[in-house]
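The primary structure of each chain is shown beneath.
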Amino acid sequence: MVNILMNNPRVDEHWCRRRISRYIRPGMKVLVVPFSFHEEYIPDEAAWHQVYDPGQPGSEEIVSPLEHLGIARQDIAFVNYFSDTPRSFGQLMYEADVIDLPGGYPDRIMERLWEFGAISQLAAFPGVLMGFSAGAMVQIDCFHATPEEPEQEFYYCDGLGCIRDFDLEVHYTGSEVQQACIRRTLEETNRTVIAMEEKGGLVLDRGRLYQMGRVHFFKP
């Protein structure tokens with residue numbers, strides 16, 4: 001498995017394109033698993049189609065950068081949480097070269113993957129597993145989540161277990177909240193935290209780690 005970890009799906013931008021294009025190539029089939037949405041914003045299938053149907057904003061921000069890397073639109077499929085089944089999801093994964101986990105709410109991703117019984121299959125995916133923000137976080141065995149709003153709390157969550165050597169801080173700006181959460185994670189887990197600025201990312205290629213853009217390492 002190759003793991004790609006970024007903050008947003010602009011995989012065609014100059015600071016990351018050269019590295020990403022080694023793994024995302026014309027002719028590949030990409031499966032998008034948009035399980036990170038909050039039910040307040042996408043409560044039913046009608047709302048899902050308004051976001052992820054072809055030409056809709058949620059679809060285009062994912063599809064357009066992939067097109068710039070040479071992936072044809074007809075080779076990009078989306079799992080529909082409301083209409084797909086564990087069997088159809090499994091078949092789509094079997095046919096894919098790349099799996100794309102969009103950003104949003106990491107706990108929702110994990111809950112829905114459990115619901116579909118897809119955890120072990122996804123964790124053992126032999127191709128490229130590409131995640132953005134929350135989709136990057138869940139690739140770790142146990143990740144921390146930094147509060148983004150005053151009413152939110154710091155928490156840990158079990159992920160897919162593809163990555164066990166470090167934790168992530170996404171959308172890193174060096175804020176006081178982020179710094180405090182990084183320190184807490186270092187103390188409580190004794191594990192390196194890698195912080196990715198907005199134009200920063202990582203590629204883990206069969207155990208070898210490559211940096212892209214602005215990335216910071218915090219060690220215990």
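Above this text you will find the structure in question.
Predicted model, so just to flag it, every value in this text is computed and none were measured.

1. Overview of the overall build of the protein
Scanning the protein from terminus to terminus reveals eight helices and ten strands. If you line up the protein on its principal axes, its C-alpha atoms span 45 × 35 × 30 Å. For the protein, buried positions account for 55% of its 220 residues. Relative to all contacts within the protein whose residues are 6 or more apart in sequence, the contacts with residues 24 or more apart total 70%. Just so you have it, the protein exposes about 10600 Å², and 47% of that area is on carbon and sulfur atoms. Within the protein, one finds 20 positive and 33 negative side-chain charges whose respective centroids are separated by 11 Å.

2. What about the pairing of strand β5 (residues 128–132)?
The buried fraction of β5 amounts to five of the five residues, a majority that puts the element mostly inside the structure. Judged from the five bridges that link them, strand β1 (residues 2–6) and β5 form a sheet pairing that is parallel. Its bridge partner being in β5, I4 is matched across the sheet by M130. Pairing of strand β4 (residues 98–101) with β5 involves four bridges; the strand directions are parallel. Bridged to V98 within β5 is V128.

3. What to know about the layout of surface pockets
Considered as a void within the structure, the largest pocket measures approximately 620 Å³ in volume. Lining of the largest pocket is provided by 25 residues; of these, G104, T146, P147, E148 and Q152 occupy positions nearest its centre. Contributing elements (two or more residues each) for the lining of the largest pocket: α5 (106–115), α7 (134–137), β6 (142–145), β8 (166–169) and α8 (176–189). A per-element tally of the lining of the largest pocket places α5 first, with three residues. Tallied by class, residues from the lining of the largest pocket come to ten nonpolar, eight polar and seven charged. Estimates place the volume of the second largest pocket at around 250 Å³. The wall of the second largest pocket is formed by 16 residues, among which S36, Y52, E61, P102 and G103 lie closest to the centre. When contributions to the lining of the second largest pocket are tallied by element, the ones reaching two or more residues are α2 (45–52) and α3 (57–68).

4. Thoughts on the side chain of S59
With respect to the secondary-structure elements, S59 resides in helix α3. In contact with S59, not counting residues within four places along its chain, are V51, Y52, D53, P54 and F78.

5. A short note on the environment of P57
Here P57 shows up in helix α3. For P57, a relative accessible area of 59% translates into the label exposed. Ignoring sequence-local partners within four residues, the contact set of P57 consists of Q50 and V51.

6. Points about the packing of aromatic side chains
Per the counting criterion, the structure on display carries twelve aromatic pairs. Aromatic pair F89 and F116: ring centres 5.7 Å apart, planes at 80 degrees, arrangement edge-to-face. Placement of F89 in helix α4 (residues 86–95) and of F116 in the loop between α5 and α6 (119–123) is noted, with a sequence separation of 27 residues between them. F116 carries the same exposure label as F89, and that label is buried. An aromatic cluster of three or more residues is present, and its members are F35, F37, Y81, F82, F89 and F116. The ring centre of Y210 lies 3.9 Å from the NZ or CZ of R19, which sits over that ring. Over the face of the ring belonging to Y105 we find R108, whose NZ or CZ atom lies 5.7 Å from the ring centre.

About the thresholds
Residues numbered from 1 in each chain as written. Predicted model: local features only at pLDDT ≥ 70, side-chain atom pairs only at ≥ 80, totals over all residues. Heavy atoms only, no water. Helix = DSSP H or I, 4+ residues; strand = E, 2+ residues; numbered from the N terminus. Buried < 20%, exposed > 50% of the residue type's maximum accessible area, 1.4 Å probe, protein only. Contact = heavy atoms within 4.5 Å. Areas by Shrake-Rupley, 256 points an atom, 1.4 Å probe, with all protein chains shown as cover. Lys, Arg positive; Asp, Glu negative; His and termini not counted. Charge placed at Lys NZ, Arg CZ, Asp CG, Glu CD. Pairing = 2+ DSSP bridges. 1 Å grid on protein atoms, 1.4 Å probe; cavity = no way out; pocket = protein on both sides within 12 Å on 5 of 7 lines; lining within 4 Å. Points joined across faces, edges and corners; volume = space filled by probe spheres on them. Nonpolar A, V, L, I, M, F, W, Y, C, P; charged D, E, K, R; others polar. Phe/Tyr/Trp six-rings, centres within 6.5 Å; stacked < 30°, edge-to-face > 60°. Lys NZ or Arg CZ within 6 Å of the ring centre and 35° of its normal.

Spatial relationships are all this shows, so hold off on functional conclusions.
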